[in-house]
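Inside the fold
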Amino acid sequence: SWPAVPRAGWCPRDPPSLRPCACAAGAPRASSASSPRRGFCCALQAPCSASFFPPALLSFALAPAARVNVLPLALQGKGRGKQILVLGLDGAGKSSVLHSLATNRVKRSVAPTEGFNAVCINTEESQMEFLEIGGSESLRSYWKMYLPKVLLLVYVVDSADHARLPVAKQLLHQLIQNNSTLPVVVLANKQDLEGAYCITDIHDALALSDIGDERKMFLIGTHVAEDGSEISSSMKDAKDLIGQLVLETQ
Ligand SMILES: Nc1nc2c(ncn2[C@@H]2O[C@H](COP(=O)(O)OP(=O)(O)OP(=O)(O)O)[C@@H](O)[C@H]2O)c(=O)[nH]1
Ligand SMILES: [Mg+2]
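Keep in mind that what you see is a predicted model, and the values were worked out from it rather than measured.

Thresholds, definitions, all that
Residues numbered from 1 in each chain as written. Chains lettered and ligands numbered in written order. Predicted model: local features only at pLDDT ≥ 70, side-chain atom pairs only at ≥ 80, totals over all residues. Near = placed C-beta within 6 Å. Helix = DSSP H or I, 4+ residues; strand = E, 2+ residues; numbered from the N terminus. Nonpolar A, V, L, I, M, F, W, Y, C, P; charged D, E, K, R; others polar. Core = buried A, V, L, I, M, F, W, Y, C linked by C-beta atoms within 7 Å. Buried ≥ 20, exposed ≤ 12 C-beta atoms within 10 Å, placed from the backbone. Contact = placed C-beta atoms within 7 Å. Expected span 1.5 Å × (residues − 1). Arc of directions from axis to C-beta. pLDDT = per-residue confidence, 0-100. Pairing = 2+ DSSP bridges. UniProt positions renumbered as here; feature names shortened; annotations may be inferred. Right-handed = clockwise from strand over helix to strand, strands pointing away.

1. Some remarks on the site of ligand 1
Taken together, 23 residues sit near ligand 1, with G93, R108, P112, T113 and G135 positioned nearest. The element best represented in the shell around ligand 1 is helix α2 (residues 94–103), accounting for 3 residues. Across the shell around ligand 1, the residue classes break down as 6 nonpolar, 12 polar and 5 charged.

This is the structure in structure tokens:
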């Protein structure tokens, strides 16, 4: 149900079959056998002949802690979920935030997302399908392709990366300029870092007041603290808010 990425060379190998790629099937990638992101992401694989890459239809091996509440829709055999796009510059903390939201335990990501990272989260009220697209420059051109299909955009920024906030701002504004109603949740992540901009500064740096009155827009400070601990209250707030927006928007 996600739009296909019109680019040759990405898995799965035999479109339109839904065979998962190697990492999706749970096979560790050669370079990341011990990565905590194993099975949590779908990184791009070695070149193949596929011309379409429907990420939401790929299935993912799940981290043990995630098994109960986090099941890809493709594995569950259920219908289309509430799709939420998670974007932001590389290193902002998208994967770390997503993993924490999914498991309710903090787990920092250690490797960049080289393609897509899809996670489904079930709450009592809804089933939410999150899609992160990596934030590196080579992947940013794909961001806008996914926007028309989503209920909500979650935009993650590194609050301590002052130098790149102007780029983060520009990309956000470009993304949503033609969609005046898409709800946006901005997560000002890495609030734990010394030198992190506070919420007010992030609001100004991203010129959020220019984004328009029509849309629902929220800004929440978050951080992904020490591995293994329970997620912070701000992270729980973010999860509740996203769930609420999804219910209101569908
Ligand atoms: N101090 C601190 N570090 C964080 C936080 N969130 C993530 N990190 C670290 O920041 C780095 C990047 O995190 P990722 O979650 O991989 O970032 P990303 O936005 O998914 O990056 P791409 O996949 O490359 O687009 C990792 O080293 C994380 O451990 C946070 O809240 N505080
Ligand atoms: Mg990532």
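2. Observations regarding the nonpolar core
The biggest cluster of nonpolar side chains holds 49 residues, and the ones touching the most others in it are I84, L152, L153, V154 and V157. Of all the secondary-structure elements, those providing two or more residues to this core are β1 (82–87), α2, β2 (116–122), β3 (127–133), β4 (152–158), α4 (165–176), β5 (184–189) and α6 (233–249). In terms of residues, this core owes the most to one element, β4, which gives 6 residues. If near-sequence neighbours (up to four positions away) are discounted, V154 is found in contact with I84, V86, V185, L187 and I242.

3. What about α6?
Over its 17 residues, α6 runs 24 Å from end to end, which matches the ideal 24 Å to within 8%, given 1.5 Å per residue. Looking only at α6, the buried set comprises M235, A238, I242, L245 and V246. Buried residues in α6, looked at end-on, bunch into an arc of 100 degrees, giving them a common side. Exposed side chains of α6 directed beyond 90 degrees from the buried face belong to S233, D240 and E248. In this structure, the buried side of α6 is in contact with β1, α2, β3, β4, β5 and β6 (217–221).

4. Side note on the confidence of the model for the protein chain
Interpretation of the predicted coordinates at a detailed level should be avoided for regions scoring low in pLDDT. Per-chain confidence: the protein chain averages 72 in pLDDT, with 66% of residues scoring 70 or above. Contacts from residues 3–79, a stretch scored under 50 in pLDDT, to residues over four places away or in other chains number 137 contacts. Reported for the predicted complex are a pTM of 0.75 and an ipTM of 0.99.

5. Looking at unusual backbone geometry
Phi at N104 is positive, roughly 65 degrees, even though this residue is not glycine. Mapping N104 onto the fold places it in the loop between α2 and β2. Given 16 C-beta atoms within a 10 Å radius, N104 is considered partly exposed.

6. Some points on the pairing of β1
With 6 of its 6 residues buried, β1 lies for the most part within the structure. The alternating pattern of β1 places K82, I84 and V86 on one face and Q83, L85 and L87 on the opposite face, and all of these are buried. Relative to β3, β1 runs parallel, the two being bridged by 5 bridges. Looking across to β3, one finds that V86 is bridged to E132.

7. What to know about the UniProt feature "binding site: Mg(2+)" (unreviewed entry) in the protein chain
The UniProt feature table records "binding site: Mg(2+)" (unreviewed entry) at S95 and T113. These residues run over 19 residues, yet every pair of their C-alpha atoms falls within 7.5 Å of each other. Structurally, the position occupied by S95 is in helix α2. With respect to the element layout, T113 can be found in the loop between α2 and β2.

8. Concerning the environment of L151
Positionally, L151 belongs in the loop between α3 (137–146) and β4. By C-beta crowding, L151 is classed as buried, having 20 other C-beta atoms within 10 Å. Linking L151 and P183, residues 32 residues apart in sequence, is a C-alpha distance of 7.3 Å. In this view, L151 contacts K82, Q83, I84, V246, T249 and Q250; residues no more than four positions away in its chain are not counted.

9. As for the pairing of β6
Alignment of β5 against β6, held across 5 bridges, turns out to be parallel. Opposite L187, over in β6, you have I220 as the bridge partner. Once you follow β5 into helix α5 (residues 199–205) and on to β6, the crossover reads as right-handed.

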